[in-house]
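Each chain is listed here by its residues.
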Amino acid sequence: MIGWVKVRKECKRLGIFPKGFWNPLHCNFEECGIQMLLSERSVGKTTGILLVGMVLNSLYGVRIHYIRNTKNMLRESIVSDLFSTIISCGYVSKVTNGRYNSIRYVKNERKWYYILQDEDGIMIEQAPECLMYAMSVDNADNYKSGYSCPTADWIIVDEFISTQEYQTNNFLPLNDIFSTLIRFRDSATIIFLANTINIEHFIFYEYAIQDQVKSLQYGDSKIYESPLGTKIYIEFIKDKEVSRKKQNVNKRYFGFNNKKLSAIRGGNWIVSNYPHIKLTSENSKLLFNRIYVETKGMLINISIYQSKDIGLIAYCRKATRYYDDSYIYTRKELLDTRFRFNLGTRNILDNLIWNRLYKENRFFFATNEVGYSLDNYYHDATVKPLERG
């Protein structure tokens, strides 16, 4: 079992978290097996978490495991310099007590090793065991039968939120990896790191912490306990020095009242903008309102209206229940004749909803959250197989 008092004392002795830099040691590692650390870029989260992993390796022989969503995100050009700040600050020598002075990434093994280099950068010695091993969620099935590590007690899920591409819900394969690494130990810590602060990400819904996350303000932290007793430490990191620099840059270049710039300005949740509409009895007529979509995060009601201004539209909002005469799209098992799998059977109603209204951007939403969930459902329904359970 890891002694966190000992770890914190060792980090302090080594002086690897100087004043003014973000220090992860205030996180509640003792009580919470899962940590979610959210912030804008340049705070130093990944560097700080890697440093703690190095100390754990020194004290307890822990092997760090570094997880990204896809194999493409583990390209050498992306991950080879993860330890560059640590190396340039001389922390490798400090943590290893002078045995090694650098870290080398071996691409074909997807592993990082401590090494000793001479003044010309020529490798003299490489550690026999790796410090860190890289994994990708899209390769989860291969790890089940082909990989095990009894010292996998520091598991980093880096950049689990991305704005670069649509993120398929990979909750189950990601947890398969966790199960493969942890086995029957209760000493492991899972750390989720994100440089993009997207409140709508599926992981918050899968862990059922979306309401707790939404209530976080810049600089807040809290512990959430699930109904089954699993505790998650969540922090919306605010670094004073980064905030000061960011404030100056924002004022000079990005000081506009435009929500689309929130990802650049930082300090706030990023919320996608979806089309909204104000419906009244004067400007629209309700045609049908018993259509529902069961998504991972919510139940969505779709109502079909005839708008005087723009014709047929679909209006989507959260729902709490469906009815005996409802028409329900789902990706789960079909419980009775009300349910339609994925996008239905392409009958007249299915074609109206998905091939006409949805594809012609005639969907309107009560909130951005509803829009995000509906878009995710449509994407998964067109690219992913049936999910059981």
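Thresholds applied
- Residues numbered from 1 in each chain as written.
- Predicted model: local features only at pLDDT ≥ 70, side-chain atom pairs only at ≥ 80, totals over all residues.
- Heavy atoms only, no water.
- Axes fitted to C-alpha atoms, helices over the stretch in contact; angles between N-to-C directions.
- Helix = DSSP H or I, 4+ residues; strand = E, 2+ residues; numbered from the N terminus.
- Parallel < 35°, antiparallel > 145°, perpendicular 65-115°, else oblique.
- Left-handed = near helix turned anticlockwise from the far one by under 90°.
- Contact = heavy atoms within 4.5 Å.
- Nonpolar A, V, L, I, M, F, W, Y, C, P; charged D, E, K, R; others polar.
- Pairing = 2+ DSSP bridges.

Student: If you had to explain the packing of helix H1 (residues 4–14) against helix H2 (residues 45–60) to someone new, which residues and values would you point to?
Tutor: Close contact between H1 and H2 brings their axes to 10 Å; oriented N to C, the two are set at 110 degrees. Looking at the two axes, H1 sits roughly perpendicular to H2. Where H1 crosses over H2, the two elements pack in a sense that is right-handed. For the pair H1 and H2, the contacting residues are Trp 4, Lys 6, Val 7, Glu 10, Cys 11 and Leu 14 in the first and Val 52, Val 55, Leu 56, Leu 59 and Tyr 60 in the second. Per-class residue counts for the contact of H1 with H2 are nine nonpolar, no polar and two charged.

Student: Residue-level account of the sheet that holds strand E13 (residues 311–319), with values.
Tutor: The strand order E15-E14-E11-E12-E13-E16 describes an open sheet built from six strands, whose pairing is mixed. Only two strands of the sheet have a single partner each, and these edge strands are strand E15 (339–341) and strand E16 (363–365). Here the strands of the sheet are splayed against their neighbours by 30 degrees on average, with no regard to which way each runs. Taken together, the three bridges between strand E11 (residues 284–294) and strand E14 (residues 327–330) define a ladder with parallel strand orientation. Residue Val 293 lies in a different strand from E14, and its bridge partner there is Tyr 329. The strands touched by helix H12 (residues 348–358) are E11, strand E12 (299–307), E13, E14 and E16; relative to E14, the strand with the most contacts, the crossing angle is about 60 degrees.

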